[in-house]
Amino acid sequence: MADVAAGVTSTYDRMKEVKEFDESKVGVKGLADSGITSIPRFFVHPPETISDLKKPSQACTTKSIPVIDLAHLKYSPLERQKLVAEIKEATATWGFFQVINHGVPVSVLDETINAIRAFHDQPQEVRAKHYKRQDSQGVMYATNNDLYRAKAATWHDSLAVWLSPEKVRAKEEEIPEICRKEVLAWESHATKVAEALFELLSEGLGVEAGRFKELGFLGGKALVGHCYPYCPRPDLTLGITSHTDSGLTVLLQNQVAGLQVKHGDEWVNVKPIPGALTINIGDSIQIISNDNYISVEHRVLANPCKEPRISIVMFFKVGNRGDSEYFGPLEELVSAEKPRLYRKFTVQDLQKNFYSKGLDSKSIIEQFKLPREA
């Protein structure tokens, strides 16, 4: 594989090199462990993608995503109303927030992070046994799920475990033994957090607390354990490119920074808070809320630290509706004053949009938005 060094250019067959890298099963972690001082050319992004890259310490530091204390869930109805209002405001203006006092023991958080790191820290030949590209079911370990679809690769490896619906759920023995117990335990803990948040989000829209659950948002679950190893040229690539997610995301991360959220025209650092979980509102929730809630672009910078950045993402999205069932903005949220902003679509439409190309920014929103009347 041809590396990129300052002042050195060469012609090359990009797809050939991508295929060779993928078939080697070394992953980005393997490249980093080899001690390389430059990066393969297919990881290099064009100037328009990386022109606004800033180190975590240089990005916008005067703003930060909201931090919400879920301890108030245990208190009076009045306290719950205040909590609903806080989450509604955070979701309507940021699309991201962090939660503390969410009920998950710190020991569980640490065990989950350590288990996913332990998987990625295994010798390359051990990790390679799990390396494959099999989107949407079972277990998949690979570099970039969009490696062949994206215009440029990004500097991360991922272990993905599909957990529901049942037809795609990974068999227990498929999950790598080194993190199996922790993955299954984290599914239970993260689901409880998500269920509580979906209730609060429903109440914030003025509908019954179980509405998102009824729509099937706890029916599709996948855990993705990302590893962002040290990158020798973080000025040339990204950890993950700017994009939005589909449903609700519950993110657990270690203390290595790198996640940035777009707020207006600025990229804002998400500072890791010990014991906190980061919550992200996806495109389908923006659509169902008829723009009362927003999804926002976010990205991860390539990691300049020797310590890897570990993030465990639990995705909650519609998973128990038939392929031909349509959904869109809730009827209760559509009125003469606030007309319907999106056309109806199916789960199949969502999947087709995602798997037809690499990660990108708010493409689902753009695809399903109704044209404005003149």
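Please refer to the structure placed before this passage.
Residues numbered from 1 in each chain as written. Predicted model: local features only at pLDDT ≥ 70, side-chain atom pairs only at ≥ 80, totals over all residues. Heavy atoms only, no water.

A.B. asks: Would you explain the nonpolar core in this entry?
C.D. replies: Buried together is how nonpolar side chains tend to be arranged in soluble globular proteins. If you look at the biggest cluster of nonpolar residues, it comprises 73 residues, and the most contacted ones within it are Ile-87, Trp-186, Leu-197, Phe-198, Phe-212, Leu-248 and Phe-316. The biggest single contributor to this core is helix H7 (residues 180-204), with nine residues. Not counting residues up to four positions away in its chain, the partners in contact with Trp-186 are Val-104, Val-108, Leu-109, Thr-112, Leu-223, Leu-252, Leu-277, Ile-312 and Met-314. (Core = buried A, V, L, I, M, F, W, Y, C linked by side-chain atoms within 4.5 Å. Buried < 20%, exposed > 50% of the residue type's maximum accessible area, 1.4 Å probe, protein only. Helix = DSSP H or I, 4+ residues; strand = E, 2+ residues; numbered from the N terminus. Contact = heavy atoms within 4.5 Å.)

A.B. asks: For this particular structure, what's the right way to read helix H4 (residues 77-93)?
C.D. replies: Each α-helix winds once per 3.6 residues, and so residues spaced three or four apart point in a common direction. Taking 1.5 Å of rise per residue, 17 residues should cover 24 Å, and H4 covers 24 Å from first to last C-alpha, within 8% of that figure. Along H4, the residues that are buried comprise Leu-83, Val-84, Ile-87, Ala-90 and Thr-91. One side of H4 holds all its buried residues, which, seen down the axis, span an arc of 135°. Facing away from the buried surface of H4 by more than 90 degrees, the exposed residues are Leu-78 and Gln-81. Residues of H4 that are buried in the fold lie against strand S3 (67-69), strand S4 (96-100), H7 and strand S12 (277-281). With its phi angle positive at about 80°, Gly-95 sits one or two positions after the end of H4. (Expected span 1.5 Å × (residues − 1). Arc of directions from axis to C-beta.)

A.B. asks: Can you help me understand the pairing of strand S10 (residues 259-263) in this one?
C.D. replies: Each regular strand displays side chains that alternate between the two surfaces of the sheet. Sheet topology note: the S10/strand S13 (residues 298-301) ladder contains three bridges and is antiparallel. What sits directly across from Leu-259, in S13, is Val-300. (Pairing = 2+ DSSP bridges.)

A.B. asks: Before we go on, may I ask you to explain the side chain of Asn-303 in this structure?
C.D. replies: Looking at the element boundaries, Asn-303 is found in the loop between S13 and strand S14 (309-317). For Asn-303, the side chain forms a polar contact with the main-chain nitrogen of Cys-305, separated by 2.9 Å. A polar atom in the side chain of Asn-303 sits 2.9 Å from the backbone oxygen of Glu-307. Every residue in contact with Asn-303, bar those within four places of it in the chain, is listed here: Tyr-228, Pro-229, Tyr-230, Cys-231, Val-256, Pro-308 and Arg-309. (Polar contact = N/O pair within 3.5 Å; in protein donor to acceptor, adjacent residues only side chain to side chain.)

A.B. asks: Please explain the sheet that holds strand S8 (residues 238-243) as it appears in this structure.
C.D. replies: For sheets, the rule is that strands pair by backbone hydrogen bonds, running either parallel or antiparallel. Ordered in space as S8-S13-S10-S11, the four strands form an open sheet in which the pairing is antiparallel. Unpaired on one side and paired on the other, S8 and strand S11 (266-269) mark the two borders of the sheet. Taking the axes of each pair of neighbouring strands and ignoring which way they run, one obtains an average angle of 30° across the sheet. (Axes fitted to C-alpha atoms, helices over the stretch in contact; angles between N-to-C directions.)

A.B. asks: Explanation requested: the packing of H4 against H7 in the structure shown.
C.D. replies: Helix-helix packing: each pair is described by the crossing angle between the helix axes and the interaxial distance. Where H4 meets H7, the closest approach of the two axes is 9 Å, and the angle between their N-to-C directions is 85°. One element, H4, and the other, H7, form an angle in the roughly perpendicular class. For the pair H4 and H7, contact is made by Arg-80, Leu-83, Val-84, Ile-87, Lys-88 and Thr-91 and by Leu-197, Glu-199, Leu-200, Leu-201, Glu-203 and Gly-204, respectively. Taken together, the residues of the contact of H4 with H7 break down into six nonpolar, two polar and four charged. (Parallel < 35°, antiparallel > 145°, perpendicular 65-115°, else oblique. Nonpolar A, V, L, I, M, F, W, Y, C, P; charged D, E, K, R; others polar.)

A.B. asks: Help me understand unusual backbone geometry, please; the structure alone is not making it clear to me.
C.D. replies: With glycine set apart, most residues show a phi of negative sign, and most peptide bonds adopt trans. Along the chain, Ser-164 connects to Pro-165 via a cis peptide bond; the corresponding omega equals 5°. Topologically, Pro-165 is positioned in the loop between strand S6 (157-164) and H7. Located in the positive-phi region is Asn-290, a residue other than glycine, with phi close to 55°. Tracing the backbone through its elements, the reader meets Asn-290 in the loop between helix H9 (283-288) and S13. Phi at Asp-291 is positive, roughly 75°, even though this residue is not glycine.

A.B. asks: Explain the sheet that holds strand S9 (residues 248-253) here, please?
C.D. replies: Spatial ordering of the open sheet is given by S3-S4-S12-S9-S14-S7-S6-S5, a layout of eight strands whose pairing is mixed. Every other strand in the sheet has two partners, leaving S3 and strand S5 (139-143) as the edge strands with one partner each. Averaged over all pairs of adjacent strands, the angle between strand axes in this sheet comes to 25°, irrespective of strand direction. Taken together, the four bridges between S9 and S12 define a ladder with antiparallel strand orientation. When the sheet's bridge partners are listed, Val-250 is paired in S12 with Ile-279.

A.B. asks: Sorry if this is basic, but what is going on with the pairing of S6 here?
C.D. replies: Among the eight residues of S6, eight are classified as buried, and the element is accordingly described as predominantly covered. Sheet topology note: the S5/S6 ladder contains five bridges and is antiparallel. Residue pairing across strands places Val-139 opposite Val-161, the latter belonging to S6.

A.B. asks: Help me understand the packing of aromatic side chains in this model?
C.D. replies: For any pair of aromatic rings, geometry is given as the distance between the ring centres together with the angle between the planes. Scanning all chains against the criterion turns up eleven aromatic pairs. A ring pair is formed by Tyr-131 and Tyr-141, whose centres lie 5.5 Å apart and whose planes are at 90°; its orientation type is edge-to-face. In this pair, Tyr-131 sits in the loop between helix H6 (124-127) and S5 while Tyr-141 sits in strand S5, placing the two residues ten residues apart along the sequence. Among the aromatic residues, ring-to-ring pairing joins Phe-21, Phe-42, Phe-43 and Trp-155 into one connected group. (Phe/Tyr/Trp six-rings, centres within 6.5 Å; stacked < 30°, edge-to-face > 60°.)

A.B. asks: Help me out: how do you make sense of the pattern of salt bridges in this one?
C.D. replies: Between side chains of opposite charge, a pair can form when the charged atoms approach closely. Taken as a whole and judged by the stated rule, the model has 21 salt bridges. Ionic pairing is found between Glu-208 and Arg-211, a salt bridge with its closest N-O pair at 3.7 Å. We classify Glu-208 as partly exposed; its relative accessible area is 40%. The buried category is assigned to Arg-211, whose relative accessible area is 17%. (Salt bridge = Lys/Arg side-chain N within 4 Å of Asp/Glu carboxyl O.)

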